[in-house]
Structure formats: C-alpha cells, structure tokens
Amino acid sequence: MREKKKESESKKKIFLNNNLSLPVRPSVLQGLRQAVEDLPRDSFCYQEKLKEKIEVARERVAELLGVRAREIFFVSGSVEANNIAILGCPVAMEGKGDSFLVGSTEPISILKPARSLKKRSLKLVEIPVDSDGRYSLEFLEENLNINHTFLSFSEINYETGVKHNVEGICNIAKKVSAIVHLDASLSYLDIPKPSKLNIDLMTIGGEEIGSIKGSGILFVREGTPIDPLFYGVKEGFCTEENLFSALSFQYALEEIFEVKNSEKKHLQKLKKLLISEMVSAGIEFKIIESDNSSPAIMTIVFEPYIEYMDGESFAERLLLKDILVSTAVKTIAEDRKVVSRTLMAIGLPEEELLSAVTIGLSYSNTPEEIKEAVKSMLEVIKEVRS
C-alpha cells in the first residue's frame, strides 16, 4: 500500500494547459539568482543599483522590440497592461470620437474594462469573427469610421490558437487615425514590431512567455494619449516598477529571441505527434484551427463521446491521471456554466462545444509526455464506455 502511494506521489504531472502561462524558463531563474548576488549590501547603493538595473533592462527590451527605451513600461502582467491601455486611452480621446472597438473573443482583461467604459457614454463595438474564428476585415472596412478612436485585440486566440491578421487590421484602423492596442502575449514565437505595423500600444505578459508571475510590459508609442489611472507615480498610468519582474522579463525575452526558431519547430513536432498518436490509438476527434494557427494552442472536439462524458468531465478524469488540460465549458454553480465565447462565436454545434478541450503546449513538454497523455486519454474513453 505504501509503495503504491509513494509511486503515485512521485509521478510527474503533465501540463498541457500552457495556453495562458508557460513554466518559468531556467535561464530566468539563473539570471535572477546572479542578480541577487550582484546587489550591494549598503542600503543607499542598493536603491541606486535597483534603478540602474531597471533602466538597463528597459533598454535591452526596447532594443529587442525595435522601439525607444522611454516607450517601455514594466507592469505586473498582461491584465494590468490591458487595463491601463483600455481604461486610459479611449477616455483620453473623448471629444475626438464617441466609439471604440475590441475583439469579440478577447479574454476578460480586455472585454471587461472595455464594457465598463459604456458607463461613460462611450459606445463599444465588438468585432465579430468569421467561420475560422478570425476577426472580420470586411466588418472593419464597412463599419470603422472617424468616430472610432481606439481599437484593441490580441493577435492569437487563447483557446484555438487562431492568428488574426494584425497587419490588415492595423492598416484599416489607420485609415481613420484610430489608436491601436495589441495584446501580443501569446505571439512570443513571432512578436510583432510596433514600428512596422503602426501599433500604438502593445501588451506582453510575462507569464505567457516564461517569465515569473507578476511581470510584463506595456509599450506606449511616444505621443499616444492615455488618461492617468494612478497618481503619485511618475508616468501617471503605471505603478512603481519592480526590479526582479523587469529582469525576469528581460531574460525571458532574450531567450525567446535566441531560440524561437528551434522552439517553434519543437512545438510543431509535438502537435504533429499528438495528432498522430491519437489517430493511431483510434480516438475519434477533430481540431478547431485554421491556416497559420499557433503551434502551441489548439482546441480538440471529442463529440463522438459526448453521450458518455462532456469536455469538463474528460478534463477531470485526466487530472486524476496527472494530465492537465483546459475546457471550453466550466461549471461554476449547480445550474450555471461558463461557455467559451470563441467556440460559440464560430458557430460550433452544442455537442461539439460541450465536448471540447483546449491543449496548450510549451517548450518544456516532451514527446514522452505527449505519448503518456494520449495513453491516458484512451484509458479514460475506455473507462466511461465500459
């Protein structure tokens, strides 16, 4: 009995829910340890060194992104950055127009602050998606006008991995001089260059790229109007910057620029292996994706098994086998469920919607983990069918 318990406790969990956060990169931890050792013990010198290192980190991040150092602000993550941009910018533009746009399938860190601005009599337009889950350029061409002062969206959908046409959206927005905010947190394998795409504000969350929790940046193009959200700090729209968050973000971004090609190939191989292993195991499924989707994120529909279990039950059974995935439907009360906005927006039938799970791969996943995960999936299917 003790041996079985010990074996269970030592079994390593397999994380396939990396669509919103990655494991902290080893280079980040190593860099932070060295940074702590390098700090002086004298309190006055310590404070000066902190400021100096933050500025060095800012310059390095700016260099990698091809922007000015004074346009980079360190924040606690994508949630803070998105709120600063969305709550600050449309308000600062009041008087120049009364409407702004956000993507309809965005995470709550974009949708909720945007919807809250309706209390200020600002009109919100949510951009619909086409059948592939991409934001409709036709809708933007037909509806965007000079009354729309601001537009906010993410490049990659956090559930399906669908990649939106950033260049096309930015070009349409600039025709009416609308300010563009992009959340590029999940675009870490190919981060857009703001100067090339007419991006005015850009979010990159630290957790999403393998930095520590509580780190991230907001790029603000010089001259972009933002209403102050905080008082008592230098910039008015950003809180005090933290050294270790700044350094952690710097180290993660540096590693990404060094290994992004090999990391992309690694993720592509894992995705291909996952699909082939599921096919070989005789598992019936389909993947919700489109051309040019992220290799790291995909939604898989197990509709043939819906009479035995839904996606949420499937995820719970996998968790018992130490396999972690995300689900499209979550029960938050006995009679209330939260359903994926993305999958509803693309018109997924109810049976498919209820049976869907989201897989998020990361640099740390291995082929052995993928094979073990598929083995566990098959075990779960056999268990519920018996």
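Computed from a predicted structure; not experimentally measured.

So, about the sheet that holds strand S4 (residues 123–127). Reading across from one edge, S2-S8-S7-S6-S5-S3-S4 is the order of the seven strands in this open sheet, with mixed pairing throughout. The strands lining the two open edges of the sheet, one partner per strand, are strand S2 (72–74) and S4. The sheet shows a mean angle of 15 degrees between the axes of neighbouring strands, direction not considered. Of the pairings in the sheet, the one linking strand S6 (residues 179–183) to strand S7 (residues 201–205) comprises three bridges and is parallel in character. Paired with Asp183 across the two strands is Thr203, which belongs to S7. Of the strands in this sheet, strand S5 (148–154) and S6 are in contact with helix H7 (residues 166–175), which crosses S6 at around 160 degrees.

The next thing to look at is the packing of helix H10 (residues 311–320) against helix H13 (residues 367–385). Here H10 crosses H13 at 120 degrees, and the two axes come no closer than 10 Å. Crossing geometry of H10 relative to H13 is assigned as right-handed. Judged by residue contacts, Phe314, Arg317 and Leu318 of H10 engage Ser376, Met377, Val380, Glu383 and Val384 from H13. Residues that form the contact of H10 with H13 fall into these classes: five nonpolar, one polar and two charged.

Compared with an ideal rise of 1.5 Å per residue, which puts 19 residues at 27 Å, H13 spans 27 Å between its outermost C-alpha atoms and is within 8% of the ideal. On its buried side, H13 packs onto strand S1 (14–15), helix H9 (243–280), H10, strand S11 (323–324) and strand S15 (356–360).

Here we take up the side chain of Thr327. For Thr327, the location among the structural elements is in strand S12 (residues 326–327). Leave out the neighbours within four places in its chain, and Thr327 touches Gly311, Glu312, Ala315, Ala356 and Val357.

On to the pattern of salt bridges, then. The final tally for this structure, using the stated rule, is 23 salt bridges. Taking the shortest distance from any N to any O, the salt bridge between Glu383 and Arg317 comes out at 3.9 Å. Here Arg317 lies in helix H10 and Glu383 lies in helix H13, a separation of 66 residues in the sequence. Here Lys321 and Glu379 are joined by a salt bridge, their closest N and O atoms 3.2 Å apart. Of this pair, Lys321 sits in the loop between H10 and S11 while Glu379 sits in helix H13; the two residues are 58 residues apart in sequence, bridging distant segments of the chain. By relative accessible area, Lys321 is classed as buried at 17%. When salt bridges that share partners are traced, they join Arg68, Arg70, Glu71 and Glu222 into one network.

Further remarks concern a negative patch on the surface. Side chains of Asp130, Asp132, Glu138, Glu142 and Asp291 sit close together on the surface and give a patch of like negative charge. Mapping Asp130 onto the fold places it in the loop between S4 and helix H6 (137–143).

What follows concerns the pairing of S7. With five of five residues buried, S7 is to be regarded as a mostly interior element. Alternating positions in S7 separate into two faces, Leu201, Thr203 and Gly205 on one and Met202 and Ile204 on the other, with burial throughout. Where S7 meets strand S8 (residues 216–220), five bridges bridge the pair, whose relative direction is antiparallel. Bridge assignment links Ile204 to a residue of S8, and that residue is Ile217.

What follows concerns the pairing of S4. The pairing of strand S3 (residues 99–103) with S4 spans five bridges and is classified as parallel. From the neighbouring strand, Phe100 faces S4, where its bridge partner is Leu124. Each parallel crossover has a hand, and the one from S3 via helix H5 (residues 108–116) to S4 is right-handed.

With 95 residues, the main nonpolar core has Leu16, Leu65, Met202, Ile204, Ile300, Phe302 and Ile359 as its most contacted residues. Apart from residues no more than four positions distant in its own chain, Leu65 is found in contact with Ile72, Ile191, Lys193, Pro194, Met202, Ile204, Ile217 and Leu253. Counting 23 residues, the second-largest nonpolar core is a separate cluster that includes Val75, Phe100, Val102 and Leu117.

Within the open sheet, the four strands sit side by side as S9-S10-S15-S12. Their pairing is antiparallel. The open sheet terminates on both sides in strands that have one partner only, identified here as strand S9 (286–288) and S12. As paired strands, S12 and S15 are joined by two bridges and run antiparallel to one another. Across the sheet, residue Ser326 finds its bridge partner in S15, namely Thr358. Relative to the sheet, H9 contacts S9, strand S10 (297–301) and S15, its axis offset from that of S10 by approximately 15 degrees.

The rules behind the values
Residues numbered from 1 in each chain as written. Predicted model: local features only at pLDDT ≥ 70, side-chain atom pairs only at ≥ 80, totals over all residues. Heavy atoms only, no water. Pairing = 2+ DSSP bridges. Helix = DSSP H or I, 4+ residues; strand = E, 2+ residues; numbered from the N terminus. Axes fitted to C-alpha atoms, helices over the stretch in contact; angles between N-to-C directions. Contact = heavy atoms within 4.5 Å. Left-handed = near helix turned anticlockwise from the far one by under 90°. Nonpolar A, V, L, I, M, F, W, Y, C, P; charged D, E, K, R; others polar. Expected span 1.5 Å × (residues − 1). Salt bridge = Lys/Arg side-chain N within 4 Å of Asp/Glu carboxyl O. Buried < 20%, exposed > 50% of the residue type's maximum accessible area, 1.4 Å probe, protein only. Patch = residues over 30% accessible without salt bridge, like charges linked within 9 Å, V, L, I, M, F, W, Y side chains within 5 Å. Areas by Shrake-Rupley, 256 points an atom, 1.4 Å probe, with all protein chains shown as cover. Lys, Arg positive; Asp, Glu negative; His and termini not counted. Charge placed at Lys NZ, Arg CZ, Asp CG, Glu CD. Right-handed = clockwise from strand over helix to strand, strands pointing away. Core = buried A, V, L, I, M, F, W, Y, C linked by side-chain atoms within 4.5 Å.

Function cannot be inferred from these measures alone, as they are strictly geometric.
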